[in-house]
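The chain contents come next:
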Amino acid sequence: MTDTPSKSDATRLAHLGRDPSRQFGYVNPPVVRGSTWLAPGLAGYEANVAKQTEEYSYARIRNPTSSAFEQAVADLEGGHRAVVAPSGLSAITTAVLAFVKAGGHALVTDSVYYPTRRFFDGLAARFGVSVTYYDPAIGAGIAALMRPETTIVYVESPGSITFEMQDIPVIAAVAHARGAVVIHDGTWGTPLYFRSFEHGVDVSVHAATKYLVGHSDAMLGVVVCNAATFDRVKASAVGLGVCASPDDVFLGLRGLRTLGVRLERHWASGVELARWLETRPEVARVLHPALPSHPGHAIWKRDFRGACGLFGLVLRPVPSKAVEAMVDGLSLFGIGASWGGFESLILRSHPRAIRTAVPWAEEGTLLRIHVGLEDVEDLKADLAAGFERLRTAAG
Ligand SMILES: *Cc1c(COP(=O)(O)O)cnc(C)c1O
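Everything quoted here is computed from the prediction, not taken from an experiment.

**What to know about the sheet that holds strand S2 (residues 105–109)**
Taken together, the seven strands give an open sheet; going across it, the order is S1-S7-S6-S5-S4-S2-S3, and neighbouring strands pair in mixed fashion. In this open sheet, the two edge strands, each paired with only one partner strand, are strand S1 (81–85) and strand S3 (130–134). Each neighbouring strand pair of the sheet contributes to a mean axis angle of 20°, computed without reference to strand direction. Sheet analysis places S2 next to S3, joined by five bridges and oriented parallel.

This is how it looks when you write it as structure tokens:
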């Protein structure tokens with residue numbers, strides 16, 4: 001079923017990446033489990049290896065279930081084509097490795113997802129790639145940090161944990177003028193709420209583990225590329241042996257069908273809870289780009305079509321045991337990594353130890369909240385009881 005850009009997102013989500021006429025008439029693409037793909041003859045096999053003459057091949061390289069998911073996500077985000085990966089982090093490393101070389105340099109936002117930073121500082125550094133972390137609010141000032149050997153400008157907006165917004169169009173204009181590619185971790189905005197390629201992004205990576213799968217039951221990543229970057233990213237994935245299980249990819253495809261309605265609820269409940277938290281005396285600051293109090297609110301309004309259910313809050317300073325009394329006793333918020341599923345989550349973060357470009361100046365504890373699909377009044381009541389425990393424990 002082909003998609004046209006004029007169709008609304010809700011309609012596209014229902015129809016992208018599937019073609020019942022090629023699926024034995026069934027609505028959903030099948031999970032094609034397989035490794036070996038059989039060729040019609042030796043010459044045909046060899047031609048396919050050399051020039052991709054057939055639609056499929058050895059399953060590490062192309063698989064029908066993966067192709068359906070890749071096509072759906074690329075179409076949704078307005079990219080050219082996509083490459084699936086077995087996790088969000090592997091989507092990131094596959095994308096980065098496509099554009100670095102020994103002696104090269106990358107500019108990476110100081111607010112980057114921590115495992116991405118660990119990859120640049122560890123593995124990439126060992127292979128001779130240098131990195132400079134920059135203030136996420138740098139904007140056009142990024143020009144001063146560009147070097148002749150800079151090949152990547154890595155952006156993530158809003159920032160992981162700390163939710164700074166970045167002026168991606170301005171940063172991308174500078175990067176492109178100097179011949180660098182812009183890689184964006186778009187997990188927060190999802191392909192639905194941030195149209196990366198309309199804002200100057202060349203390669204958009206997503207932890208599909210989060211909202212695309214949407215049910216906390218699989219690890220998955222995807223790299224969406226524009227026409228100029230796809231071949232290099234695909235070569236990186238093929239060279240590294242990056243592929244994903246068709247069962248997990250299927251969960252990504254299935255998740256896509258409800259992405260729109262789930263995100264609407266995550267967005268609404270998230271904003272509602274964030275506004276309520278702003279009124280609480282225990283809270284110093286709420287870090288939610290969709291709130292007018294957020295320093296990056298104007299950028300969010302200009303560039304994003306919605307917000308997900310993930311945001312941060314800074315508590316007024318209290319002893320650590322008071323924070324633990326609050327959080328450990330919550331009944332609806334799980335304490336755990338990842339997010340984007342149907343359930344609410346909470347975690348404590350420590351950006352002070354990580355940041356190098358801009359020191360993290362907040363005194364109070366930083367909490368990250370994922371607002372799930374539960375009733376928002378129930379979530380408020382759970383947090384309100386938590387604040388009571390916090391006050392009692394703080395004395
Ligand atoms: C979770 C996450 C990732 C990594 O995804 P995994 O599937 O856990 O590897 C990357 N970027 C962001 C912003 C994330 O939140």
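**As for the site of the ligand**
The environment of the ligand is made up of 14 residues, and the closest members are Gly88, Leu89, Asp185, Thr209 and Lys210. At a separation of 2.8 Å, an oxygen atom of the ligand approaches a polar backbone atom of Leu89. Between a nitrogen atom of the ligand and a side-chain N or O atom of Asp185, the distance comes to 2.6 Å. Coverage of the ligand by the protein amounts to 91% of the 380 Å² it exposes when considered alone. Applying the majority rule of atoms within 2 Å of the grid points places the ligand in the second largest pocket. For the shell around the ligand, the element with the most residues is helix H4 (residues 88–97), which contributes three residues.

**Remarks on empty space enclosed by the protein**
As enumerated under the stated definition, the model contains one cavity of 30 Å³ or more in all. Taken together, Thr187, Thr190, Pro191, His206, Ala207, Ala208, Lys210, Tyr211 and Leu212 make up the lining of the largest cavity. Of the residues assigned to the lining of the largest cavity, the class counts are five nonpolar, three polar and one charged.

**Thoughts on the side chain of Thr94**
Among the secondary structure elements, Thr94 is positioned in helix H4. Looking at Thr94, its side chain comes within polar contact range of the main-chain oxygen of Ser90, at 2.6 Å.

**Let's talk about helix H5 (residues 114–126)**
Here H5 contains 13 residues, and its C-alpha end-to-end distance of 18 Å stays within 8% of the 18 Å for a straight helix at 1.5 Å per residue. The largest bend in H5 is about 30°, located at Phe120. Three or more residues of H5 are buried, namely Pro115, Thr116, Arg117, Phe119, Phe120 and Ala124. The inward-facing, buried residues of H5 contact H4, S2, S3 and strand S4 (150–155). Once H5 finishes, Gly128 follows within two positions and takes phi at roughly 85°, a positive value.

**Describing the packing of H4 against H5**
Where H4 contacts H5, the two axes come as close as 10 Å, and the packing angle between them is 40°. With respect to H5, the axis of H4 lies oblique. Relative to H5, H4 is oriented so that their crossing is right-handed. Residues Leu89, Ile92, Thr93, Val96 and Leu97 of H4 pack against Pro115, Thr116, Phe119 and Phe120 of H5. In terms of residue class, the contact of H4 with H5 is built from seven nonpolar, two polar and no charged.

**As for the layout of surface pockets**
The space that makes up the largest pocket amounts to roughly 1,000 Å³. Those elements that place two or more of their residues in the lining of the largest pocket are helix H3 (64–77), S1 and helix H8 (230–240). It is H3 that provides the largest number of residues to the lining of the largest pocket, a total of eight residues. Grouping the amino acids of the lining of the largest pocket by side-chain chemistry returns 20 nonpolar, 12 polar and 13 charged. The volume enclosed by the second largest pocket comes to roughly 700 Å³. Contributing to the lining of the second largest pocket are 39 residues, with Tyr113, Tyr114, Ser160, Ile161 and Arg368 lying nearest its centre. Breaking the lining of the second largest pocket down by element, the ones donating at least two residues are H4, H5, strand S6 (203–207) and strand S11 (345–349). Of the residues contributing to the lining of the second largest pocket, the split by class is 19 nonpolar, 12 polar and eight charged. Composition of the lining of the second largest pocket by domain shows at least three residues from each of domain 1 (9–255) and domain 2 (257–394).

**Overview of the pairing of S6**
Most of S6 is tucked away, with five of its five residues classed as buried. In the sheet, strand S5 (residues 181–185) pairs with S6 via three bridges, with the strands oriented parallel. Looking at S6, one finds that Asp185 is bridged to Val205.

**Details of the side chain of Arg368**
The residue Arg368 is located in strand S12 (residues 366–370) in this model. In this structure, Arg368 is buried with no salt-bridge partner, the nearest side chain bearing the opposite charge being Glu156 at 8.3 Å.

**Side note on the sheet that holds strand S9 (residues 310–315)**
What the five strands build is an open sheet, ordered S8-S9-S12-S11-S10; its pairing is mixed. If you trace the sheet from one side to the other, it starts and ends with strand S8 (283–287) and strand S10 (334–335), each paired once. Bridging between S9 and S12 involves five bridges; their strand directions are antiparallel. Note that in S12 the partner of Gly312 across the bridge is Arg368. Across the sheet, helix H9 (residues 246–278) touches S8, S9 and S12, and the angle it forms with S9 is around 10°.

**Side note on the pairing of S1**
Taken across its five residues, S1 has four buried, putting it largely inside the fold. Here S1 pairs with strand S7 (residues 221–225) via five bridges, running antiparallel. Bridged to Val84 within S7 is Val222.

Conventions and cut-offs
Residues numbered from 1 in each chain as written. Predicted model: local features only at pLDDT ≥ 70, side-chain atom pairs only at ≥ 80, totals over all residues. Heavy atoms only, no water. Pairing = 2+ DSSP bridges. Helix = DSSP H or I, 4+ residues; strand = E, 2+ residues; numbered from the N terminus. Axes fitted to C-alpha atoms, helices over the stretch in contact; angles between N-to-C directions. Near = heavy atom within 4 Å. Polar contact = N/O pair within 3.5 Å; in protein donor to acceptor, adjacent residues only side chain to side chain. Areas by Shrake-Rupley, 256 points an atom, 1.4 Å probe, with all protein chains shown as cover. 1 Å grid on protein atoms, 1.4 Å probe; cavity = no way out; pocket = protein on both sides within 12 Å on 5 of 7 lines; lining within 4 Å. Sits in = over half its atoms within 2 Å of the grid points. Points joined across faces, edges and corners; volume = space filled by probe spheres on them. Nonpolar A, V, L, I, M, F, W, Y, C, P; charged D, E, K, R; others polar. Expected span 1.5 Å × (residues − 1). Bend = angle between axes of the 7 residues up to and from the residue. Buried < 20%, exposed > 50% of the residue type's maximum accessible area, 1.4 Å probe, protein only. Contact = heavy atoms within 4.5 Å. Parallel < 35°, antiparallel > 145°, perpendicular 65-115°, else oblique. Left-handed = near helix turned anticlockwise from the far one by under 90°. Domains from an automatic or database assignment. Lys, Arg positive; Asp, Glu negative; His and termini not counted. Salt bridge = Lys/Arg side-chain N within 4 Å of Asp/Glu carboxyl O.

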